[in-house]
Amino acid sequence: MENNSTGYWKATLGLLTKIMIVWFLVSYGAGILFAPLLDTIKLGGYPLGFWFAQQGSIYVFIALIFFYAKKMGEIDRKFDVHED
């Protein structure tokens, strides 16, 4: 059971790490760090950096929630810890 538990937590933490990297790149990167570069592109008449800071990051965060739920379901089934 210890090996199975270790594998489960390794998979879970790996997924969380990937999600947190995407979250950081979208919220801090696209909204602040890369905003001047992204502002050269227009989306719906607004600079892309502004769009990411105001709306785009929210869409990505919602997508991340669904992605996380799907992937955690797969990890749970793989390690046989899923709910019926």
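Placed above this text is the structure.
Source: prediction; values computed, not measured.

**Describing the overall build of the protein chain**
Then step 1. Check the secondary structure of the protein chain and you find three helices and two strands.
Then step 2. In sequence order, the secondary structure elements of the protein chain are arranged as α-α-β-β-α.
Then step 3. The C-alpha radius of gyration of the protein chain comes to 17 Å, more than 25% above the 12 Å expected for a compact globule of 84 residues.
Then step 4. With the C-alpha coordinates aligned to their principal axes, the bounding extent of the protein chain is approximately 55 × 25 × 15 Å.
Then step 5. Looking at the protein chain as a whole, 24% of its 84 residues qualify as buried.
Then step 6. The contacts of the protein chain with a sequence gap of at least 6 include a subset with a gap of at least 24, amounting to 59%.
Then step 7. One finds the centroid of the 7 positive side-chain charges in the protein chain at a distance of 11 Å from the centroid of its 7 negative side-chain charges.

**Details of the side chain of Ser 57**
Then step 1. Of note, Ser 57 is situated in helix H3 (residues 48-78).
Then step 2. Judged by relative accessible area, which is 8%, Ser 57 ranks as buried.

**As for the side chain of Thr 12**
Then step 1. Looking at the secondary structure, you find Thr 12 in helix H1 (residues 2-33).
Then step 2. Sequence-distant contacts of Thr 12, that is, excluding residues within four places in its chain, are made with Met 72 and Ile 75.

**Looking at the nonpolar core**
Then step 1. Core analysis: the largest hydrophobic core is formed by seven residues, namely Tyr 8, Leu 15, Ile 19, Leu 64, Met 72, Ile 75 and Phe 79.
Then step 2. Elements represented by at least two residues in this core include exactly H1 and H3.

**Notes on the pattern of salt bridges**
Then step 1. A complete count under the given rule lists two salt bridges for this structure.
Then step 2. Between Glu 74 and Lys 70 there is a salt bridge, with its nearest N and O atoms 2.6 Å apart. Here Glu 74 and its partner Lys 70 are both found in helix H3, four residues apart, which amounts to about one turn of the helix.
Then step 3. One salt bridge in this structure joins Glu 74 and Lys 71, with 3.4 Å as the shortest N-O distance. Here Glu 74 and its partner Lys 71 are both found in helix H3, three residues apart, which amounts to about one turn of the helix.
Then step 4. Overall, Glu 74 belongs to the partly exposed group, its relative accessible area being 30%.
Then step 5. The exposure class of Lys 71 is partly exposed, given its relative accessible area of 29%.
Then step 6. Via salt bridges that share partners, Lys 70, Lys 71 and Glu 74 belong to a single interconnected network.

Basis of the calculations
- Residues numbered from 1 in each chain as written.
- Predicted model: local features only at pLDDT ≥ 70, side-chain atom pairs only at ≥ 80, totals over all residues.
- Heavy atoms only, no water.
- Helix = DSSP H or I, 4+ residues; strand = E, 2+ residues; numbered from the N terminus.
- Rg over C-alpha atoms; globule rule 2.2 N^0.38 Å.
- Buried < 20%, exposed > 50% of the residue type's maximum accessible area, 1.4 Å probe, protein only.
- Contact = heavy atoms within 4.5 Å.
- Lys, Arg positive; Asp, Glu negative; His and termini not counted.
- Charge placed at Lys NZ, Arg CZ, Asp CG, Glu CD.
- Core = buried A, V, L, I, M, F, W, Y, C linked by side-chain atoms within 4.5 Å.
- Salt bridge = Lys/Arg side-chain N within 4 Å of Asp/Glu carboxyl O.

Treat this as a map of the structure, not an account of what it does.
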